[in-house]
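Here is how the chains run, residue by residue.
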Amino acid sequence: MNTGTVDPVVIAIAAAILGLLIGYFAGRRTAPGSEEARELTEKLEQAESARARYEQRVNAHFADSADKLNTLTANYRDIYAHIAGGASELCSEEEAARFQSLEAPKDSGHDTIEADSVVVEPPRDYAAKTSPDDPGVLDERFGLDGEEKPPEDSTTRNA
C-alpha cells in the first residue's frame, strides 16, 4: 500500500460527512420555523429581563417602606419620650406615672366584653318561610298579595 496517496473512498466519505454537516446547519438557519423560534427566544429573554427589573423595583420599594416605618417608629418614640418628660415636670406624680412607660394604662375604666358572652351568627339576609310552598325572597312574587294590575290612566279611559 502506498502511503502518499489517499484512497478515493475515504475522500468520498469525508466529503459526504462534510456535506451533511454543512447541509444540516444551513437547513437549520433557513428552516421556516427557525426565525419564529429566534423571535420567541428574544421575547422570552425580554420578558425575563422585565420581570427581573420589576422584582428589583418591588424589593427596593419594600426596603424603602421598611426604612420609613422604622424612622416613623423612632420619631414616635422620641415624641412620646418628650411628652413623658414634660408630664413628669409639669403634671402631678400620679398623672406623670401614666406616661413613663409605652404600655397602655392597665385600668382604662372601660368595661371589656367577654368572648364567650357574645353569640356570633351569620347575617340573616333572607325571610323565613312559613311553609315550603311560600315564595322565597328572591322570587319575583315575594311580598305580593294577589295579582297586581297596572293603574289605569285617566287620559286613556273611554267615557
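The model shown is predicted, which means the values in this text are computed figures rather than measured ones.

Undergrad: Is there a simple way to think about the overall build of the chain in this case?
TA: Helix and strand counts for the chain stand at three helices and zero strands. Secondary structure elements of the chain, listed N to C terminal, follow the sequence α-α-α. Every one of the 159 residues in the chain was classed for burial, and the buried ones make up 4%.

Undergrad: I'm lost on a negative patch on the surface in this one. Help?
TA: On the surface, a cluster of negative charge is made up of Glu36, Glu39, Glu42, Glu45 and Glu48. Looking at the secondary structure, you find Glu48 in helix 2 (residues 32-90). Residue classification places Glu48 among the partly exposed positions, given a relative accessible area of 41%.

Undergrad: What should I look at first to understand the pattern of salt bridges in this one?
TA: The full count for this structure, using the stated rule, is one salt bridge. Among the salt bridges present, the one from Glu55 reaches Arg51, with a minimum N-O distance of 2.7 Å. With Glu55 and Arg51 both in helix 2 and four residues apart, this pair spans about one turn of that helix.

Undergrad: Would you mind going over a nonpolar patch on the surface with me for this structure?
TA: On the surface, Val9, Ile13, Ile17, Leu21, Tyr24 and Phe25 cluster together into a nonpolar patch covering about 620 Å² of accessible area. Among the secondary structure elements, Phe25 is positioned in helix 1 (residues 8-30).

Undergrad: How do you make sense of the packing of aromatic side chains when you look at a structure like this?
TA: Taken as a whole and judged by the stated rule, the model has one aromatic pair. Measuring from centroid to centroid gives 6.3 Å for Tyr76 and Tyr80, while their planes differ by 35°, and the two rings are tilted. Remark: Tyr80 and Tyr76 occur in helix 2; sequence separation between them is four residues, near one turn of the helix.

Rules behind the numbers
Residues numbered from 1 in each chain as written. Predicted model: local features only at pLDDT ≥ 70, side-chain atom pairs only at ≥ 80, totals over all residues. Heavy atoms only, no water. Helix = DSSP H or I, 4+ residues; strand = E, 2+ residues; numbered from the N terminus. Buried < 20%, exposed > 50% of the residue type's maximum accessible area, 1.4 Å probe, protein only. Patch = residues over 30% accessible without salt bridge, like charges linked within 9 Å, V, L, I, M, F, W, Y side chains within 5 Å. Areas by Shrake-Rupley, 256 points an atom, 1.4 Å probe, with all protein chains shown as cover. Salt bridge = Lys/Arg side-chain N within 4 Å of Asp/Glu carboxyl O. Lys, Arg positive; Asp, Glu negative; His and termini not counted. Charge placed at Lys NZ, Arg CZ, Asp CG, Glu CD. Phe/Tyr/Trp six-rings, centres within 6.5 Å; stacked < 30°, edge-to-face > 60°.

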